[in-house]
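Chain by chain, the residues run as shown.
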Amino acid sequence: MSVESKPIEASDAPSEVPVIESLTDFITLINKATEKLDPRYVVKVFRLIGSVRNEITADVLIELIESQYPAENEHKSYLISTLKPFVTGQSDVKMEDVVSEDDASKSQLTQIFTPEVDMFVHLLVQIFLHDTYELKALDRFNGSVLTILKSYNLRTLDNISAKIWFYILRSKELLKDLYPIRSELLIALRSATLRHDTETRASIITLLLRNYLLTNDINQAYNLVEKTEFPENASNSLVARYYYYLARIQAIQLDYSAASECVITAIRKCPQTKSSLGFLQSSNKLSIIIQLLTGEIPELLTFRDPVLEKSLQPYFAVTKAVRLGDLKLFNDALEKYGDRLKKDDNYNLVLRLRQNVIKAGIRMISLTYKRISLKDICIKLGLDSELSAEYIVGKAIKDGVIDATVNHTQGYMQSKEILDVYSTVAPQEEFDRRIKFCIQLHNESVKAMRYPMSTNRIDLKADIEAREREQELLQYLQDTDADDFL
């Protein structure tokens, strides 16, 4: 009996269900989440919507609006007018059929119309305009969506509003108009905090951090992290994004040890799905740079991962140059892969590795030669002058990279005998670091576990109903608990 094979087959198999039926089923799940006050049904919808979003068209959305919205609803007309310019005309007959259905079924549909359904349909329109790259239409539509979103104050809308805010900022990002939206995001963050809206609050914090990083406002991003508290019970995708942005901020501010911990947490929290592949690549790229900046060399298996191997080619070349301490090889890697590094927003961080390359080269020289002239060091490292070599060697000695002395009069470097590392406290510190990491991983795993309900209850009937409800949810949500990276 295999519990995991069933959802994998269902998700990987091509769906033969029409898109309109799938969207109607999603609305049914959203109504169920509203009725039972359980957001996991909405999370399930977001996870499944990725399989049909490529098939969503203006015709399908208009058909859905006609079937779900009451005739007197004020939002119906402008939703249809927004989608009309993108109609292909293939489903006009279908739309007429839907409108001409009997009054009983139509009244039944309008009875289940809720604010959650309204905002979900708005989210579908946002996704359609975003995927078809109709950015100006999406930006105009977002203004109306924002007005409607502010009029609602329902906790059942938290997950949907978090996704809506994502597409609002995404449209501004693609239009290169990042500054005006900040005031709206800050107002929404204050409202979400006062309303204890965990999901929207976590989403807006990550969106603000992304906004600040895209405009290189690192100090404002750091102030936001210092003055806000990220919700602990947010979804995994938002936690992964938050730690990734936090790692980037700390790496820019030279706090490499804290940045390393954050980027490792981001990789662990990242949902292992195809939709999160881009995020996983970006996280591993940043992790490799941070390891190099801290003086560590990433394992070779990291670059041999079939999923990441192609995207990590520039970082493998940089890692090879740092490991060998070859400044010429490092400059060649920058010249060859500079455009790709700039596209990843990692070029400035890679430039900091030049000193690490020089230090690695000096360390290899100090281990190879007991005495070597500054002129030979200058030739081996490709430096401009002996004065530069003397300065760099002195800096390496001061930083503790090598254990040597410099003879200024005769112009040579004298290496000292290598001490036994086990006679120092370095192994103890490394062992302590690993123990703390394991304890943190254990604590997070315990928090993520689901415990059986207590049997010491007075109302046994209510306990049985709760157990049945839990079994129903577990059966329906038996696949992974990760969110879809829309």
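Structure: see above.
Presented here is an overview of the structure given in this document. Keep in mind that what you see is a predicted model, and the values were worked out from it rather than measured.

## Things to note about unusual backbone geometry
If you check the backbone angles, tyrosine 133 has positive phi at about 60 degrees while not being a glycine. A residue is classified by how much of its surface remains accessible, and tyrosine 133, at 54% relative accessible area, is exposed. Residue histidine 196 is not a glycine yet carries a positive backbone phi of 55 degrees. Position of histidine 196 among the secondary structure elements: in the loop between helix H11 (181-194) and helix H12 (198-214).

## Things to note about the nonpolar core
Phe120 and Ile160 are the most contacted members of the largest nonpolar core, which totals 129 residues. Those residues in contact with phenylalanine 120 that lie beyond four places of it in its chain are Phe26, Ile27, Ile30, Val45, Ile49 and Ile160.

## What to know about the environment of glutamate 116
With respect to the helices and strands, glutamate 116 occurs in helix H8 (residues 115-131). Of the residues examined, glutamate 116 reaches a relative accessible area of 3% and is grouped as buried. Taking C-alpha positions, glutamate 116 is 9.5 Å from serine 161, a pair spaced 45 residues apart along the chain.

## A few points about the pattern of salt bridges
Under the counting rule described, the total for this entry stands at 15 salt bridges. Aspartate 217 is paired through a salt bridge with arginine 182; the nearest N and O atoms lie 2.7 Å apart. Pair noted here: aspartate 217 is in the loop between H12 and helix H13 (218-227) and arginine 182 is in helix H11, with a separation of 35 residues, a long-range link. On the accessibility criterion, aspartate 217 (19% relative accessible area) is buried. Accessibility expressed as a relative area gives 10% for arginine 182, which makes it buried. Put simply, aspartate 332 and lysine 328 hold a salt bridge, and the shortest N to O gap is 3.4 Å. With aspartate 332 and lysine 328 both in helix H19 (residues 327-343) and four residues apart, the pair spans about one turn of that helix. What makes aspartate 332 partly exposed here is its relative accessible area of 35%. Taken together, the shared-partner salt bridges in this structure form one network comprising Asp139, Lys172 and Asp177.

Conventions adopted
Residues numbered from 1 in each chain as written. Predicted model: local features only at pLDDT ≥ 70, side-chain atom pairs only at ≥ 80, totals over all residues. Heavy atoms only, no water. Buried < 20%, exposed > 50% of the residue type's maximum accessible area, 1.4 Å probe, protein only. Helix = DSSP H or I, 4+ residues; strand = E, 2+ residues; numbered from the N terminus. Core = buried A, V, L, I, M, F, W, Y, C linked by side-chain atoms within 4.5 Å. Contact = heavy atoms within 4.5 Å. Salt bridge = Lys/Arg side-chain N within 4 Å of Asp/Glu carboxyl O.

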